[in-house]
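Listed here are the chains, written in short residue letters.
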Amino acid sequence: MSNLKSLAKDTAIYGLSSIIGRFLNWLLVPIYTAKMSAESGAYGVITNMYAITALLLILLTFGMETTFFRFVNKEGERSERVFSTAVIAITSMSSLFVLLVLLFLTPISSFLGYADHRQYVWVMALTVAFDAVRAIPFTFLRQQKRAIRFASLQLLNIMLNIALNCVYYLLLDGHDPAYAFYINLVCSSVVTLCLLPEMMQVRNGFDPALMRRMLAYSWPIVILGLAGILNQVADKILFPFIYQGSDMHTQLGIYGAASKIAMVMAMITQAFRYAYEPFVFGKTKDKDNDEVQAKAMKYFLIFTLLAFLCVVGWLDLLRYVIASDYWEGLRVVPIVMTAEIMMGVYFNLSFWYKLEDKTIWGAVFSATGCAVLVAINVIFVPQYGYMACAWAGFAGYAVSMTLSYVVGQHYHPIRYPLGNIAFYAVLTAVFFVVMTYARPLLPQWMSLTVNTLLIAVFVAVVVRKDFPLSNLPVVGKYFR
């Protein structure tokens, strides 16, 4: 129980920076969608470029974050040498990347469809390079359990980003999407400078032999990461190439803006991951590690299912996060959120092959899911547009999650509380159906009231079955 309390504490701190930070980022969505109409397609440009950036970040960090955790905790490895080698490798790769982009800026811009806006490409190339360089210092902070500094720097990045966006798009009444990229570059460079004290600890040089061992461990993670991020952004990257309508950026912008409503699920899974990864790797020798993972899976699903019901139940209010000309895309929200839940489950299931040093399995699972996603996009996007993108993500994560569970139970069986998990999944599905079919039949105030009551019932069931108030500190004595 003490281990779970430690996990909960770290999750709360990391979640503070992740959830509050991403929530504050929501403030940019109404600003962007208000200043860039759906018809203009400007927000579609932002959606497309940030998707490409996310993919590039996986390539430039090439699995070194997870690899760093693994090698720091390995017997016989010097943590200082692991840190130095990883930082030097990523910095060198990022510098080479920027140089190549600048040398071939014109053909790259033309290929991406931005021949007249080459600034989109070089600015985002510099930004992703800064993001990659700071990846290991941030990972070092997590490994050292310096959650406060980690959270502070993450929030600095977000707050500075929001402030500069407000100045340009609100005070100066700007409309150019390029300034979103310029601002992102400024924020990334500032936070990277703030991490110089950590980066200055690179005193042990570059160890080629260690790098070879790290690459042998990390290359399947790169494939895993590529497939994983493609499951999140492949639709937004492929859409301009496969959608046949002249309103391509308009449709992509609507899909991207509506998907932001589902971001709450990504907030929860990201916060959980930040705390969970160093926690599990640090407990590799503990006998109760499998039991802790099983319990963590259950509580993760309970809270994500609750978040799902909250977003779906209060969607009539949350839709005001985006401008009204983007509302037609809100039908993708439940689909995208369900896909995010499955991604979180897949992450929880991934530790068996990471701890067994069988990361090749992760590459296989993610690549298979990614292949499903890409195939559905290519086949159905020309006819069904962005709705096919949403269902493709759902199918891709479902495949990866299922494969990881089935194979994992063979190599590293963990007794997950499947009955309990199934109960909450079915309860959530029933409440979702009621919310969906009651919504058009009732006035909005009544629909929101019914949905709130259903959410309250879900919380009451959780408290009754799995989270008794009597176990809480201080207030618990009043419920015994």
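Everything numeric in this text was worked out from a predicted model, so none of it was measured.

What counts and what doesn't
Along each chain, the written sequence defines residue order, and numbers are assigned to residues from 1. For a predicted model such as this one, the threshold for reporting local features is a pLDDT of at least 70, and the threshold for listing and counting side-chain atom pairs is 80 or more; totals across whole chains, interfaces and linings nevertheless cover every residue. By convention in this description, side-chain values take in all heavy atoms of the structure and omit both hydrogens and water. Axis lines are fitted through C-alpha atoms, for helices just across the contact stretch, and the angle between N-to-C directions can take any value from 0 to 180 degrees. Numbering of helices and strands runs from the N terminus, with a helix taken as a DSSP run of H or I at least four residues long and a strand as a DSSP run of E at least two residues long. The cut-offs work like this: below 35 degrees is roughly parallel, past 145 is roughly antiparallel, 65 to 115 is roughly perpendicular, and the gaps in between are oblique. A crossing counts as left-handed when the near helix is turned anticlockwise from the far one by less than a right angle, and as right-handed when that turn is clockwise. We call two residues in contact whenever any of their non-hydrogen atoms come within 4.5 Å of each other. Nonpolar residues are Ala, Val, Leu, Ile, Met, Phe, Trp, Tyr, Cys and Pro. Charged residues are Asp, Glu, Lys and Arg, and all others, Gly as well, are polar. Think of it in three bands: residues with accessible area under 20% of the maximum for their type are buried, residues over 50% are exposed, and the middle band is partly exposed, with areas taken using a 1.4 Å probe on protein chains only. The working definition used for a salt bridge is a side-chain nitrogen of Lys or Arg within 4 Å of a carboxyl oxygen of Asp or Glu. Residues qualify for a patch when their relative accessible area is over 30% and they have no salt bridge, like charges being joined within 9 Å and the nonpolar side chains of Val, Leu, Ile, Met, Phe, Trp and Tyr within 5 Å. Under the convention used here, a 1.4 Å probe and the Shrake-Rupley method define accessible areas, while residue burial counts only the protein chains that appear.

Peer 1: Can you help me understand the packing of helix H3 (residues 42-61) against helix H12 (residues 208-242) in this one?
Peer 2: Each pair of packed helices gets described by two things: the angle between the helix axes and the distance between those axes. In contact at an axis separation of 9 Å, H3 and H12 are set at 165° when each is read in the N-to-C sense. With respect to their mutual orientation, H3 and H12 come out roughly antiparallel. As for how H3 packs across H12, the hand of that crossing is left-handed. Along its contact with H3, which presents Thr47, Asn48, Ala51, Ile52, Ala54, Leu55, Ile58 and Leu59, the element H12 presents Val222, Gly225, Leu226, Ile229, Leu230, Val233, Lys236, Ile237 and Pro240. For the contact of H3 with H12, the class distribution of residues is 13 nonpolar, three polar and one charged.

Peer 1: Before we go on, may I ask you to explain the environment of Thr428 in this structure?
Peer 2: For Thr428, the position within the fold is in helix H21 (residues 418-438). Classification of Thr428 as buried rests on a relative accessible area of 3%. Along the backbone, Thr428 and Leu305 are 123 residues apart, and their C-alpha atoms lie at a distance of 6.7 Å. Not counting residues within four places of it along the chain, the set of residues in contact with Thr428 comprises Leu305, Phe308, Leu309 and Phe458.

Peer 1: Would you mind showing me how to read the pattern of salt bridges here?
Peer 2: Pairs may arise between side chains of opposite charge once their charged atoms sit close together. One pass over the full model with this rule turns up seven salt bridges. In this structure, Asp207 and Arg81 form a salt bridge, with 3.3 Å as the shortest nitrogen-oxygen distance. Taken together, the residues span a long stretch of sequence, with Asp207 in the loop between helix H11 (196-199) and H12 and Arg81 in helix H5 (residues 79-103) at a distance of 126 residues. Here Asp131 and Arg134 are joined by a salt bridge, their closest N and O atoms 3.4 Å apart. Side by side, Asp131 and Arg134 carry an identical accessibility label, which is buried. Taken together, the shared-partner salt bridges in this structure form one network comprising Arg146, Arg149 and Glu198.

Peer 1: I would appreciate a short explanation of the environment of Met297 in the present structure.
Peer 2: Secondary-structure assignment places Met297 in helix H15 (residues 289-313). Remark: the alpha-carbon pair of Met297 and Phe347, spanning 50 residues in sequence, is separated by 9.9 Å. Once residues within four sequence positions are removed from consideration, Met297 is found in contact with Val345, Asn348, Leu349, Tyr416 and Ile421.

Peer 1: Help me understand a nonpolar patch on the surface, please; the structure alone is not making it clear to me.
Peer 2: A cluster of nonpolar side chains, namely Leu96, Leu99, Leu100, Leu103 and Phe104, defines an oily patch on the protein surface of about 490 Å² accessible area. Take Leu96: it is sitting in helix H5.

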